[in-house]
Amino acid sequence: GYKLTLAGQTLHRETTDIERTLTSISSRLTGSDDHLAGRVSVTVSDTISHFIMPDIIAELHQQFPKIALSMHVLNRLSNIQDLEADIAIRTGNRPPAELIGREAANIGFAVCASSDYLTRQALTIENAWNNAPDFISLEKTSDGTFHHDWLPALSEHRRIICVNGFLSAWRLCHAGLGLSLLPAYLLKHDKRLVQVRCRNIPDNSTLWILSHADLRDSTRVKAVRHFLIDRFSAIFSNTENNQ
């Protein structure tokens, strides 16, 4: 029930402006660094960090041995907008204007189930969509809210487990707790999963590699950003990763 007084609101505005100025000065100094050495922080979503990033980091360290990578698993852009990270790997619509970078890939989705679940429920990949009693969905507050454009077609008697990220959804699906809409590349990484036939699949999601515009002149950030764009483009140009 606490509220700022008028004086408190004025002070908050002024200190926020000061913080933004100091952050901009710091980022411009960092952006002027012209060495391919030092630390670069990357923020990335949970499933990409778990399944894709380990091999990419190994390649990055071979190509740029003096660059140390910090990886933060977060599903939002605000941390890079506040300059808490140098690079963001994100899926979604066109990013805010103050971020630079470009599209690296398109990621497809698939309705997945574990083969054990289908066997236990006496289902097949052809009839599971209409007859499976259990579904795993992302919460409305999570990235991937298209799940809730997908779920209303389900009848009310089905059990819905809600989670706050794709990695949790994958773990439950892998454990045989129901069907879930997942990034299609997980089918390659988890041989227990099978793709269930379904016509109502969301469109592909664009994968972006982004930095704050203030870091455009940082040699090491630019080098890592371009490396990530090339690697993700190569990985997801393979249709097996993007069904």
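Residues numbered from 1 in each chain as written. Predicted model: local features only at pLDDT ≥ 70, side-chain atom pairs only at ≥ 80, totals over all residues. Heavy atoms only, no water.

**Some points on the environment of N130**
Piece 1. Relative to the helices and strands, N130 resides in helix 6 (residues 128-131).
Piece 2. Assessed through its relative accessible area of 53%, N130 is described here as exposed. (Helix = DSSP H or I, 4+ residues; strand = E, 2+ residues; numbered from the N terminus. Buried < 20%, exposed > 50% of the residue type's maximum accessible area, 1.4 Å probe, protein only.)

**Some remarks on helix 8 (residues 166-174)**
For the α-helix, the turn length of 3.6 residues means that residues three or four positions removed from each other point alike.
Piece 1. Every buried residue belonging to helix 8 is among F166, A169, W170, C173 and H174, and all of these are buried. Taken end-on, helix 8 shows its buried residues confined to a sector of 130°, consistent with a single buried face.
Piece 2. Looking one or two residues past helix 8, G176 carries a phi angle of roughly 85°, positive in sign. (Arc of directions from axis to C-beta.)

**So, the pairing of strand 6 (residues 134-138)**
Piece 1. Of all 5 residues in strand 6, 5 are buried; the element is thus mostly enclosed.
Piece 2. Residues D134, I136 and L138 of strand 6 are buried on one face, and the alternating residues F135 and S137, pointing to the opposite face, are buried as well.
Piece 3. Looking at chain direction, strand 6 and strand 8 (residues 179-183) are connected through 2 bridges and run parallel. When the bridges of strand 8 are listed, I136 appears paired with S180. (Pairing = 2+ DSSP bridges.)

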